Amino acid sequence: MDLILLGPPGAGKGTQATTIAAKYGLIQLSTGEMLRAAAAAGTEVGRQAKAIMDKGELVPDEVVIRIISERIDQPDCKGGVIFDGFPRTLAQASALDKLLRDKKRKLDAVIELRVDDTKLVERIVGRFTCAKCGAGYHDRFKRPKVRGVCDVCQGTEFTRRPDDNAETVTRRLMVYYRETAPLTGYYYCKGNLRAVDGMAAIEQVGQEIGAVLDAVK
Ligand code: ADP
Ligand code: ADP
Ligand code: ZN
């Protein structure tokens, strides 16, 4: 089963992708995470990407398409993947169509997480992650059970993304509306768009997505 989680920054794609991946035995392919890993490793691609990400702009299509194409060929992706944060432009969407066709894979569903704009900034500026295992948290909406201790790995160090500040978020939202929002129309016309209410509590959104997946499986 291959799926796409679509939605603006802060909609909950990463949060839901992690849960669904574990539940359905899928591999989460987050282009944002992959680019941040490349930046941390200090590769040429990573350095260039970081400068773009810090401004809230999009990394060039060729770069992310190549990253995805190489990653999906790894044996662990055989059983199915969740694209999280990819595709983000119509050019990426059509490259993905071709890539999946060439690799004899099929897109089972495109799940759109619908969240009001006013909620997105609040979600993003309160976001933080475990430095050790990458588990995602929120200052108000998803605190660790024990203060300062990661629920998953018991790590005690947390990080915040440099691009998760109010100023860059506005830029990222504008980029989303210009470049990524048209993808809902694209997938609606192809017949595999499923909208889910992303305003509900985290567990409830997960249940709604689960219901969609059980129907398409
Ligand atoms: P995205 O990957 O779409 O940018 P995230 O999954 O990182 O979004 O979620 C953004 C922030 O909002 C995180 O801090 C996360 O804990 C929180 N969050 C995710 N889903 C919900 C939800 N349904 N209700 C409240 N907060 C949420
Ligand atoms: P969020 O879901 O909160 O917007 P991501 O982690 O998905 O954050 O992406 C962070 C940044 O990485 C984006 O603002 C962009 O600069 C870059 N990026 C991630 N995925 C893509 C993509 N598919 N195409 C272009 N740039 C991307
Ligand atoms: Zn952790």
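Residues numbered from 1 in each chain as written. Chains lettered and ligands numbered in written order. Predicted model: local features only at pLDDT ≥ 70, side-chain atom pairs only at ≥ 80, totals over all residues. Heavy atoms only, no water.

Draft legend 1. Summary view of the overall build of the chain. When helices and strands are tallied, the chain shows 9 helices and 8 strands. Along the three orthogonal principal directions, the C-alpha set of the chain runs to about 45 × 40 × 35 Å. A burial count over the chain gives 45% of its 217 residues as buried. Relative to all contacts within the chain whose residues are 6 or more apart in sequence, the contacts with residues 24 or more apart total 70%. Summed over its atoms, the accessible surface of the chain is roughly 11,300 Å², and 53% of this surface lies on carbon and sulfur atoms. One way to put it: in the chain the 34 positive side-chain charges average out to a point 2 Å from where the 29 negative ones average out. (Helix = DSSP H or I, 4+ residues; strand = E, 2+ residues; numbered from the N terminus. Buried < 20%, exposed > 50% of the residue type's maximum accessible area, 1.4 Å probe, protein only. Contact = heavy atoms within 4.5 Å. Areas by Shrake-Rupley, 256 points an atom, 1.4 Å probe, with all protein chains shown as cover. Lys, Arg positive; Asp, Glu negative; His and termini not counted. Charge placed at Lys NZ, Arg CZ, Asp CG, Glu CD.)

Draft legend 2. Looking closely at the packing of helix α7 (residues 166-180) against helix α8 (residues 182-190). Following both chains from N to C, one finds α7 and α8 inclined at 35°, their axes separated by 6 Å at the closest point. Contacts between α7 and α8 involve Tyr-177, Arg-178, Glu-179 and Thr-180 from the first element and Pro-182, Leu-183 and Thr-184 from the second. Looking at the contact of α7 with α8, its residues break down into 3 nonpolar, 2 polar and 2 charged. (Axes fitted to C-alpha atoms, helices over the stretch in contact; angles between N-to-C directions. Nonpolar A, V, L, I, M, F, W, Y, C, P; charged D, E, K, R; others polar.)

Draft legend 3. Representation of the site of ligand 1 in the model. Neighbouring ligand 1 are 19 residues; Gly-10, Thr-15, Arg-127, Tyr-137 and Ala-200 lie closest to it. Between ligand 1 and the protein, one listed contact pairs an oxygen atom with a backbone N or O atom of Gly-12 at 3.0 Å. The backbone of Tyr-137 places a nitrogen or oxygen atom 2.7 Å from an oxygen atom of ligand 1. Alone, ligand 1 offers 560 Å² of accessible surface; in the complex the protein occludes 91% of this. Elements supplying a minimum of two residues to the shell around ligand 1: α1 (13-24), β6 (136-138) and α9 (202-216). Grouping the amino acids of the shell around ligand 1 by side-chain chemistry returns 9 nonpolar, 6 polar and 4 charged. (Near = heavy atom within 4 Å. Polar contact = N/O pair within 3.5 Å; in protein donor to acceptor, adjacent residues only side chain to side chain.)

Draft legend 4. The arrangement of the site of ligand 2 in detail. Residues in close proximity to ligand 2 total 19 residues, the closest being Thr-31, Glu-57, Arg-88, Arg-127 and Arg-172. Separating a nitrogen atom of ligand 2 from a backbone N or O atom of Val-59 is a distance of 3.1 Å. Between ligand 2 and Gly-85 there is a distance of 3.0 Å, counted from a nitrogen atom to a backbone nitrogen or oxygen. Bound to the protein, ligand 2 loses 97% of the 550 Å² it would expose on its own. If you tally residues by element for the shell around ligand 2, the top one is helix α2 (residues 31-41), at 4 residues. For the shell around ligand 2, the residue count by class is 7 nonpolar, 4 polar and 8 charged.

Draft legend 5. The arrangement of the layout of surface pockets in detail. When its volume is computed, the second largest pocket comes out at roughly 200 Å³. For the lining of the second largest pocket, the secondary structure elements donating two or more residues are α2 and β5 (127-130). Class assignment for the residues of the lining of the second largest pocket results in 3 nonpolar, 3 polar and 5 charged. (1 Å grid on protein atoms, 1.4 Å probe; cavity = no way out; pocket = protein on both sides within 12 Å on 5 of 7 lines; lining within 4 Å. Points joined across faces, edges and corners; volume = space filled by probe spheres on them.)

Draft legend 6. Looking closely at the side chain of Ser-30. Mapping Ser-30 onto the fold places it in strand β2 (residues 27-30). In terms of polar contacts, Ser-30 uses its side chain to reach the backbone amide nitrogen of Glu-33, at 3.0 Å.

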